[in-house]
Amino acid sequence: MTVRQTTLENGLRVVSHTIDSVETVSVGVFVDAGTRNEPAEINGVAHLLEHMAFKGTKRRSALEIVAEIEEVGGHLNAYTSREHTAYYAKVLKEDAPLAVDILADILQHSTFEPGELDRERSVVLQEIGQAHDTPDDVVFDHFQATAFPDQPMGRPVLGDAERVRGMSREAIMGYMSSAYGASSMVLSAAGMIEHDHLVALGRHLFRDLPDKKPLGDEKVAYGGGVHLEDRELEQVHLTVGFQGIGMHDPDIYAANVMAALFGGGMSSRLFQEIRERRGLVYSIHSYCSSYTDCGLFGIYAGTGEEEIEELMPVLTDEILRLADSLNEGEVRRARNQMKAATLMSLESTSARVEQIGEQMLVFGRPLPIDEIVARIDAVDIEAVRNVANRIFKGRPSLAAIGPLGRMMPYDSFAERLSA
């Protein structure tokens, strides 16, 4: 298995992981622009653009785009995140040129027909409504907005319904023109493909990409605070957390080991103490959301109207005691979970194309697997203790949706954590 990278004359970066034991290829184009790069008045434009890219080009109608890829048994998809947008396809190895051609076509020659825009805007508005009706989904948006108030990093990826409803064709095309330059994009592939062949395809098919400077990222300022939404639901959906760790921070691996041992699986502290021993939740987990220069450490719990009263003090106690009660066994188990997930991902061309594409955007290079494993192995009890003390000393963020009458007030929660 070989990983190689090349930068084309127009600035487009090409990265590949050749895996000669598979019959498929996953191909993706990763764009260094997302919700964080949107002006407030067009929040949601990156996501709406992602949808519109599949709705017709100068050469293909919306139906022809999907029909061509499905004709060969492949599939297309895309996603928008707070910092990046990705378009990708998975096909049999002999159909890699078709996959690259379609991705190149939709990213350079989309027409944004007004009729298609009206229909797709309606689809996105339904998606926003569905998220609102899914409290265990939308609570994370509220948590993000509380952590990063009044700034792009805190705004929802799907956008605000009112802004999406009024978003013009010109606004979408203007955003694409400013954000989708060759130097801001990575062509990535994983599977049965030769790097030189991918480079040749990229050079030929992406020749119309403008070479523009990448959009700058607005600096973020962690805030912390509370968002409460009292709703008549069967459960309370609760997310609490703290300022976390950015992707370039040397503590990033220790923070992820901490997330795994604290609430990353069925053997984790939170699952064992709060679900198994006390029966206070149906689901609970902790996680790291890491971005280029900032991050969040979060804990999600789904609990009952009565159980929330006991859950909050117990959760607070678990946070407070973590740093001083670590043991080698749980640190080792968390490291092994991370290593296994990293190595297992090599077996999926879809996961691998995303890994190396995102790594090129964040680090400027694909990270060798041996380097990642070595950094995980280097995390010891002291490293986890240090990162716990660093993260948990800050001002907490809290978002909750559901019947909240019995929930500990935010000020009491924050005061207890700082005692």
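Residues numbered from 1 in each chain as written. Predicted model: local features only at pLDDT ≥ 70, side-chain atom pairs only at ≥ 80, totals over all residues. Heavy atoms only, no water.

(A) Layout of a negative patch on the surface. Taken together, Asp 230, Glu 232, Glu 305, Glu 306 and Glu 307 make up a surface patch of like negative charges. Here Glu 307 shows up in the loop between strand E10 (295–303) and helix H11 (308–321). (Patch = residues over 30% accessible without salt bridge, like charges linked within 9 Å, V, L, I, M, F, W, Y side chains within 5 Å. Areas by Shrake-Rupley, 256 points an atom, 1.4 Å probe, with all protein chains shown as cover. Salt bridge = Lys/Arg side-chain N within 4 Å of Asp/Glu carboxyl O. Lys, Arg positive; Asp, Glu negative; His and termini not counted. Charge placed at Lys NZ, Arg CZ, Asp CG, Glu CD. Helix = DSSP H or I, 4+ residues; strand = E, 2+ residues; numbered from the N terminus.)

(B) Representation of the state of the cysteines within the structure. Enumeration according to the criterion identifies zero disulfides in this entry. Counting only cysteine sulfurs, Cys 294 is the nearest neighbor of Cys 288, a cysteine outside any disulfide, at a range of 13 Å. (Disulfide = S-S within 2.5 Å.)

(C) Fine view of the sheet that holds strand E4 (residues 75–80). The six strands are arranged E1-E2-E6-E3-E5-E4 in an open sheet whose pairing can be described as mixed. The sheet terminates laterally at strand E1 (2–7) and E4, the two strands that pair on one side only. Averaged over all pairs of adjacent strands, the angle between strand axes in this sheet comes to 15°, irrespective of strand direction. Both E1 and strand E2 (residues 13–18) contribute to a ladder of six bridges, which runs antiparallel. Within the sheet, the bridge partner assigned to Thr 6 lies in E2 and is Val 14. Against the sheet, helix H8 (residues 195–205) contacts E1, E2 and strand E6 (185–191), and its axis sits at roughly 150° relative to E2. (Pairing = 2+ DSSP bridges. Axes fitted to C-alpha atoms, helices over the stretch in contact; angles between N-to-C directions. Contact = heavy atoms within 4.5 Å.)

(D) Broad picture of the pattern of salt bridges. Summed over all chains, the structure comprises 28 salt bridges. Between Glu 309 and Arg 406 there is a salt bridge whose closest N-O contact spans 3.2 Å. Note that Glu 309 is positioned in helix H11 and Arg 406 in the loop between strand E11 (397–402) and helix H16 (410–418), a separation of 97 residues in sequence. With relative accessibility at 43%, the residue Glu 309 sits in the partly exposed group. Bridged by salt links that share partners, the residues Arg 59, Arg 60, Glu 68, Asp 101 and Asp 105 form one connected network. (Buried < 20%, exposed > 50% of the residue type's maximum accessible area, 1.4 Å probe, protein only.)

(E) Local environment of the environment of Val 353. If you trace the backbone, Val 353 turns up in helix H13 (residues 349–363). For Val 353, the residues in contact, after removing those within four places along its chain, are Ser 26, Val 27, Gly 28, Phe 30, Ser 188, Ala 189 and Ala 190.

(F) Layout of the environment of Glu 273. The topology assignment puts Glu 273 in helix H10 (residues 269–277). On the basis of relative accessibility, which here comes to 16%, the residue Glu 273 falls in the buried class. The contact partners of Glu 273, leaving out residues within four places of it in the chain, are Arg 278, Val 314 and Glu 318. A polar contact is formed between the side chain of Glu 273 and the side chain of Arg 278, at a distance of 2.7 Å. (Polar contact = N/O pair within 3.5 Å; in protein donor to acceptor, adjacent residues only side chain to side chain.)

(G) Focus on unusual backbone geometry. Not every positive phi belongs to a glycine, and Phe 112 is a case in point at roughly 55°. Relative to the assigned elements, Phe 112 resides in the loop between helix H3 (96–108) and helix H4 (114–132). When its relative accessible area of 4% is taken as the criterion, Phe 112 is described as buried. In this structure, Asp 150 is a non-glycine residue whose phi angle is positive, near 55°. Residue position: Asp 150 is located in the loop between helix H5 (135–147) and helix H6 (161–165).

Take it as geometry only, folks, not as evidence of what the structure does.
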